[in-house]
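Fold and contact review
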Amino acid sequence: MDPTDPEQRISCWRRLCSCDCCGCWTRLKRGLQVFVLDPFFDVAIIILIIVNVCLMSSLHYPMTMEFGHALSLASVTFTFIFALEVLLKILALGPYEFFEVNWHYFDTVLVILTVMELGVADVEGLSLLRTTSALRLFRLGRWWPGLLKWMRLAWAGLCSLWFLSLVIISLFFSLFGMFMFSESYQENVCKISEDCELPRWHWNSFFHSFMMTVRALSGEWIETLWDCLEASTTGFDCVVFYVTLLIVGNFLLLTIVLTLLMKWISDKLAPKDEENLEVSKRRIINLLKVCGINAGGKSKGEERGNSKDKEDVALSCVTSELTEENGTMSSTLPIGEAQNFQKMKDTEDAAEEPEDCCCQKCYSCCPSLNLDKSQGCGRVWANLRRAAFNIVQHPYFNNVVFFIILVSSFALMLEDVYLPARPALKTVLGYLDQVITYLFLLELIFKWIGLGFHRYFRDGWCWLDLIVTSACVLSVAAQASSLNLFLISLKALRPLRILAHIQGTKRSVCALLRMVPPLLDVLLVSSTVWLFFVIMFVQTYAGKFSYCFNETSGSIFHPDEVGNRSECMMLMESNFTEVRWKNLLFNFDDALESYFSLFSVATLKGWIDILYSALDSVRVEDQPSYEFSLYHYIGFVSFFLFGCFFCLIYFLKALLDAYSSQTKKMGGSHLFLTEKQMKRFDDMSFGLKRPLAPCPRPQGRLRGRLFDLVSRECFEWLMQAVILFGVVLLMIDRDEMTHQEEEVLSWLYFAVVVIFLLEFLLKICAFGRSYFRDNLNICDFVVLILQILGLFIWDLMEMYLFNPVCLHLLRLLRLRRIIHRVPGALRLRLLYAAWTKSLSAIFNLALVLLVLMSAYASFGTFHLSQLQKAAFITDIMNFRTFLSSLMCMWTAATWAGWDGLIFPALFTPPDCTGYGEGGSCASPALAVAFFVSFLCLSGFVVLMALLVLLVDMLNVFGEMRCDPLSVLNLSRFFKAWRKLVPDSSHVIQRSQLPDLCDKLKKPLKIPKPTELDLDLSPVEQVHCRDVLLALSVKALGDGADRDALKARIDQKYHEFMPNSPCQESCEMTNCAVEMNQEEAATPLTDDVPE
């Protein structure tokens, strides 16, 4: 063997590690390979991991000794099992082949750590043992593509250069802040602390400085900045430091987010693992078939029927999105589904007959249901169904139902905590509820008869109607029988029916529901990642957030006074009524409580109190001590990084993929716009037309001179200077001005109004009625009239109407005349245009959010109206009336202060005065489900609105960049043309074409010395439109439609060159020379928009 040959050395090492020297050992090894490499072995390992995780998540406080001992024994057992798994794989595969799989490194290290913990773990040390064992949860990533993709995403983020830059910047700012502010904090500590002790957040050590930096980057920087300003001598250095930290840190965070969103992350499993999973699935299916259970083995007929039903349900979900225009059917569905629906619709229109009442299976099982429609009862039944079908399909029927829904929603607004004090209104609302319920039942019966059960139960919106109607029936029955309040509150679902009767909300809800299935795997992966932190925090902090509290002084006992729960109980038994042993409302005593606490931490609301309790935790049932567990900061930082940051990026990535896939399935149409809105969306022009003169120059001598005066550039500059001067006057105005200053300011304001009045008179004399053709002139006229009215009726407006100070702010509207002077004005207008195009979709989503808020607000008035005043529940923010409840829901929808709204709902006696009527306690479980579900739903809708705005904005800017005839490219083309053509004519010499093409920007740019390969006429002088058409065709390539481009050029050419005498293109014609001579004398305007 050649020792220098690497291949021979590897082969020798493989033979040495395989240990195939003995025949008995070889046979044993082959047997072990058959056992270890069997797909069912992987299935068994997956089941064991899941059972182990479930047992670890069952840890709670308080817990019996027997259950704790059982959990400890189970942990040791699973450690032995997984150690045996690693040992068997090493014996079966050999060390060399075993460590060729990367997952085996993780398994081996995990087994070593858990075995090492067994030697030092006792009952109190279960936390450390289970913290290490909780890492087994990530072993599921070997067989779970979603979890594997998250792990690869997190690894890519950790290995990113931008993440390294963020860590370095954080360390730099931590060290810089420590050396810059530590002395100031030490000298002026009494200014920021009453007991002259350093607060929790300070710059006197590196670890605290690093946590100050992390807190600032998480958004909680106001309080620490205020302390810094109090401790610092000038305060300017604190402002500069924090502003720089926030700008640089947030920029790096945003860069990491965008980098990971654009990075392709594979979720493909290893080929061997994927093959084993497929083999295991087939074996399990065959085993179930042997046992008589048909799992996954449906017949072809059943599969076709199920697929047909699914298609029907999908079609019925968007039935109302189809509109008939000019006798044709337009659809936003995919082509195949739209054709199927068209055929079904044509059949219905031709026959004018309702569908069969039941499906074919029902008729085959019960033939008596298939009545003869030509005679007897069958004929009566058919006529009844036809009449009901015509009623249901009539537009007035939907209008009446929609009116009833609005009345029922308005009636819900009147039900509040003060309703028992108004017996007349209570009686009226009670009868109104019954009438509305009967009307809903009548509608339900009409639809069952007219549409038939088969069609009715294929429509998702009919299912919503059925659920809401059933809820109304239960509510009326419970109210009449004085049953549970929860059944009565089900009437709060009535506003949800509004979603089915507004086309915009109906389409938006369908689009949102279609994007939910791709996100389910993401939510399950995120819940699994959170489960790791739940197990870690439960075993670390279970039973450690309790404390002995003095209700008289409102403070916590010092650990030197009360050391643990036993001593606190002794004080309580000694008739110290003001002493209580309390537990933090947000704690980690069990898995469910931990999930809710982590949700609060992830939303950055109330997490500071949770962090303080974790830092002060000592042992179970011990009194907390100040920063006893200081380095527990690391656990929360890890959760922010892996449980929040990477999970959020993973969710956004999946949301973008789902939005893109749904857009492709819908044929590229907008997901949240109706047909009419999409038509308006497509017809909306992004063109920034050059400012044309309102009218031709008047023939009169005086009006002609006035026209020349107001049309000059210097006059426009003068008026823009006056506009800026008016804005400066607004900035000068302040409180506590002297009388002389107010008088001078009022006279200057009067002078500005007079100048604008003179401008208006000059322009109206010069332009006449054409003055009002320009939107800017109309805006100036309205502002001028309001300002003049404000001068004369200021006192009357202040007394009877509104504060007239807002009239001064109208002067800011005149800034529109200055915006086009800004270098980036075109991009600002494009940004505004993108926002305008997204406005309809955002409005639809806002309506969906408003309906959700109304339903939740009504539900809150039934269950949370009795909450006592605490935290954010005040006389204004409460659930006593519908409007105040709606305000609370609006606050929660912004994810701002929702922890203060739920805080009083988590109280239990004796913190509140009891349940039921007259009490101030609510159900904590119901409150948690209420707020968490609303936060998730509202956050999803708001996130989709932001995503729509972002995607539309990127699409608009992409079109402007890539489209050769966009406003941006046209403005650049004509600007370059004007520079090269000295006489401002419409033709250019052929020798100047290389210079023109080199001055342009992509996609029209052809840099020198590239040879010009343009399809132009062979004449010496080339027309402007011919050059533009040739460049556009070259930019788009062979697939360019010359006729369409020519039509667009002819349409837009006269917007930039309105004095062109010819409307037709002169491409490749003999009249080009004549046109050049004719248009040579026509000047090209200088007002090309930037």
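Scroll up to find the structure this text is about.
All of the points below concern the structure found in this document. These figures come from a predicted structure and were not determined experimentally. Sequence order sets the numbering: in each chain, residues are counted from 1 along the sequence as written. Residues qualify for local features only when their pLDDT is at least 70, as the model is predicted, and side-chain atom pairs are given and counted only at 80 or more; totals for whole chains, interfaces and linings, by contrast, use all residues. Heavy atoms from the whole structure form the basis of all side-chain values; hydrogens and water molecules are not counted.

**Looking at the overall build of the protein chain**
Rules: Helix and strand assignments come from DSSP, with helices taken as H or I runs of at least 4 residues and strands as E runs of at least 2, each series counted from the N terminus. Each residue gets one of three labels from its accessible area relative to the maximum for its type: buried under 20%, exposed over 50%, partly exposed in between, using a 1.4 Å probe on protein chains only. By definition in these notes, contact holds between two residues if any of their heavy atoms fall within 4.5 Å. Only the protein chains shown count as cover for residues, with accessible areas throughout obtained via the Shrake-Rupley method and a probe of 1.4 Å.
A tally of helices and strands in the protein chain yields 44 helices and seven strands. Taking all 1090 residues of the protein chain together, 45% fall into the buried category. Considering only residue pairs separated by 6 or more positions, the protein chain has 71% of its internal contacts joining residues 24 or more positions apart. Carbon and sulfur atoms form 65% of the exposed surface of the protein chain, whose accessible area is close to 57,400 Å².

**A word on helix 42 (residues 1024–1036)**
Along an α-helix, a turn takes 3.6 residues, which lines up residues three or four apart on a common side. Defined as follows: Helix span, as expected, comes to 1.5 Å for every residue beyond the first.
Taking 1.5 Å of rise per residue, the 13 residues of helix 42 would be expected to cover 18 Å, and the 19 Å separating its terminal C-alpha atoms lies within 8% of that figure. In terms of burial, helix 42 is a largely internal element, 10 of the 13 residues being buried. Positioned one or two residues after helix 42, G1037 has a phi angle of 90 degrees, which is positive.

**Considerations on unusual backbone geometry**
Residues Y61 and P62 are joined by a peptide bond in cis, for which omega reads -5 degrees. As for its placement among the helices and strands, P62 is situated in the loop between helix 3 (39–57) and helix 4 (65–98). Here the bond from P909 into P910 is cis, since omega is 10 degrees, no more than 30 degrees from zero. With respect to the helices, strands and loops of the structure, P910 is situated in the loop between helix 38 (898–902) and helix 39 (924–962). Phi at E621 takes a positive value of approximately 65 degrees, unusual for a residue other than glycine. Here E621 lies in the loop between helix 26 (607–616) and helix 27 (633–665). By relative accessible area, E621 is classed as partly exposed at 27%. Backbone geometry at W895 places phi at a positive 60 degrees, although glycine is not the residue there. Judged by its relative accessible area of 28%, W895 is partly exposed.

**Re the pattern of salt bridges**
Convention followed: The rule for a salt bridge is simple: a side-chain nitrogen of Lys or Arg has to be within 4 Å of a carboxyl oxygen of Asp or Glu.
Enumeration according to the criterion identifies 17 salt bridges in this entry. Notably, a salt bridge pairs E443 with K447, separated by 3.1 Å at the nearest N-O pair. On the criterion of helical spacing, the pair formed by E443 and K447 is a turn pair, its members being four residues apart in helix 19 (residues 423–456). The class for E443 is buried, based on a relative accessible area of 6%. In this structure, the salt-bridge partner of D875 is K869, at a minimum N-O distance of 2.2 Å. Look at D875 and you get exposed, because its relative accessible area is 59%. When salt bridges with common partners are traced through the structure, they connect E85, K89, D107 and R139 into a single cluster.

**Regarding the sheet that holds strand 3 (residues 546–550)**
Going by this rule: Between any two strands, pairing holds if DSSP finds at least two bridges. For helices, the axis comes from a line fit to the C-alpha atoms of the stretch in contact; other axes are also lines fit to C-alpha atoms, and the angle between any two N-to-C directions lies between 0 and 180 degrees.
Spatially, 4-3-5 is the arrangement adopted by the three strands of the open sheet, whose pairing is antiparallel. On the outer flanks of this sheet lie strand 4 (555–556) and strand 5 (579–583), each paired with one strand and no other. Most of the contacts of helix 24 (residues 565–573) go to strand 5, to which it runs at about 140 degrees, and overall it touches strand 3 and strand 5.

**Description of the side chain of R497**
The criterion, for reference: We define a polar contact as two N or O atoms separated by no more than 3.5 Å, with the added condition that, inside protein, one atom must be a possible hydrogen donor and the other a possible acceptor, whereas residues neighbouring each other in sequence contribute only through side-chain atom pairs.
You can see R497 is positioned in the loop between helix 21 (485–488) and helix 22 (503–514). Among the residues examined, R497 registers a relative accessible area of 0% and is labelled buried. A polar contact of 2.7 Å, which involves the side chain of R497, links it to the side chain of E443. Residues contacting R497, with those up to four places away along its chain left out, are V401, I405, F440, E443, D465, V468 and T469.

**What about the state of the cysteines?**
Going by this rule: When two cysteine sulfur atoms are found within 2.5 Å, that pair is recorded as a disulfide.
Per the counting criterion, the structure on display carries four disulfides. What pairs with C548 in a disulfide is C568, and their sulfur atoms sit 2.2 Å apart. Disulfide C548-C568: the torsion about the S-S bond is 75 degrees, which places it as right-handed. Residue C548 is found in strand 3, and its partner C568 is found in helix 24; the two are separated by 20 residues along the sequence. C548 gets classed as buried once you look at its relative accessible area, which sits at 0%. The side chain of C912 participates in a disulfide bridge whose partner is C921; the two sulfur atoms lie 1.6 Å from each other. Given an S-S torsion of about 105 degrees, the disulfide between C912 and C921 has right-handed geometry.

**Quick look at the packing of helix 12 (residues 236–262) against helix 27**
Definition in use: Relative orientations are named as follows: roughly parallel for angles under 35 degrees, roughly antiparallel for angles over 145 degrees, roughly perpendicular for angles from 65 to 115 degrees, and oblique for any other angle. Each crossing gets its hand from how the near helix is turned against the far one by less than a right angle, where anticlockwise is left-handed and clockwise is right-handed.
Put simply, helix 12 and helix 27 touch, their axes get as near as 10 Å, and they point 45 degrees apart. Here helix 27 runs oblique to helix 12, going by the angle between their axes. As for the relative orientation of helix 12 and helix 27, their crossing is right-handed in sense. The segment helix 12 lies against helix 27, with L253, I256, V257, L260, L261 and M262 engaging F645, F646, I649, L652, K653 and L656.

**Overview of the pairing of strand 5**
Taken across its five residues, strand 5 has four buried, putting it largely inside the fold. Direction of pairing for strand 3 relative to strand 5: antiparallel, over a ladder of five bridges. Paired with Y547 across the two strands is K582, which belongs to strand 5.

**Looking at empty space enclosed by the protein**
Using the following cut-off: In this analysis a 1.4 Å probe is tested at points of a 1 Å grid over the protein atoms alone, and where it fits but cannot get out there is a cavity; an open set with protein on both sides within 12 Å along at least five of seven lines is a pocket; lining residues have an atom within 4 Å of a point. Grid points are joined across faces, edges and corners, and a volume is the space filled by probe spheres set on the points.
Counting across every chain of the model gives seven cavities of 30 Å³ or more. There is about 50 Å³ of room inside the largest cavity. Forming the boundary of the largest cavity are M211, V214, R215, S218, W607, L611, Y633, F636, V637 and F640. Contributing elements (two or more residues each) for the lining of the largest cavity: helix 10 (206–217), helix 26 and helix 27. Ranked by the residues each element gives to the lining of the largest cavity, the list is headed by helix 27, at four residues.

**Some remarks on the packing of helix 29 (residues 701–710) against helix 31 (residues 739–767)**
Definition in use: Polarity classes work like this: nonpolar for Ala, Val, Leu, Ile, Met, Phe, Trp, Tyr, Cys and Pro, charged for Asp, Glu, Lys and Arg, and polar for all others, with Gly in that last group.
It is the contact of helix 29 with helix 31, at a shortest axis distance of 8 Å, that shows an interaxial angle of 125 degrees. What the angle tells us is that helix 29 and helix 31 run oblique. Relative to helix 31, helix 29 is oriented so that their crossing is left-handed. Contact with helix 29, carried on its side by R703, L706, F707, L709 and V710, involves L762, K763, C765, A766 and F767 of helix 31 and no other residues of that element. Across the contact of helix 29 with helix 31, the residue classes tally to eight nonpolar, no polar and two charged.

**With respect to the pairing of strand 3**
The element strand 3 is largely enclosed, with a buried count of five among its five residues. Residues of strand 3 alternate between two faces, with S546, C548 and N550 on one and Y547 and F549 on the opposite face, all of them buried. Alignment of strand 3 against strand 4, held across two bridges, turns out to be antiparallel. Along strand 4, the bridge assignment pairs N550 with S555. Taken together, strand 3 and the strand that follows it, strand 4, pair antiparallel across an intervening segment of four residues, in which G554 is found at a positive phi of about 70 degrees.

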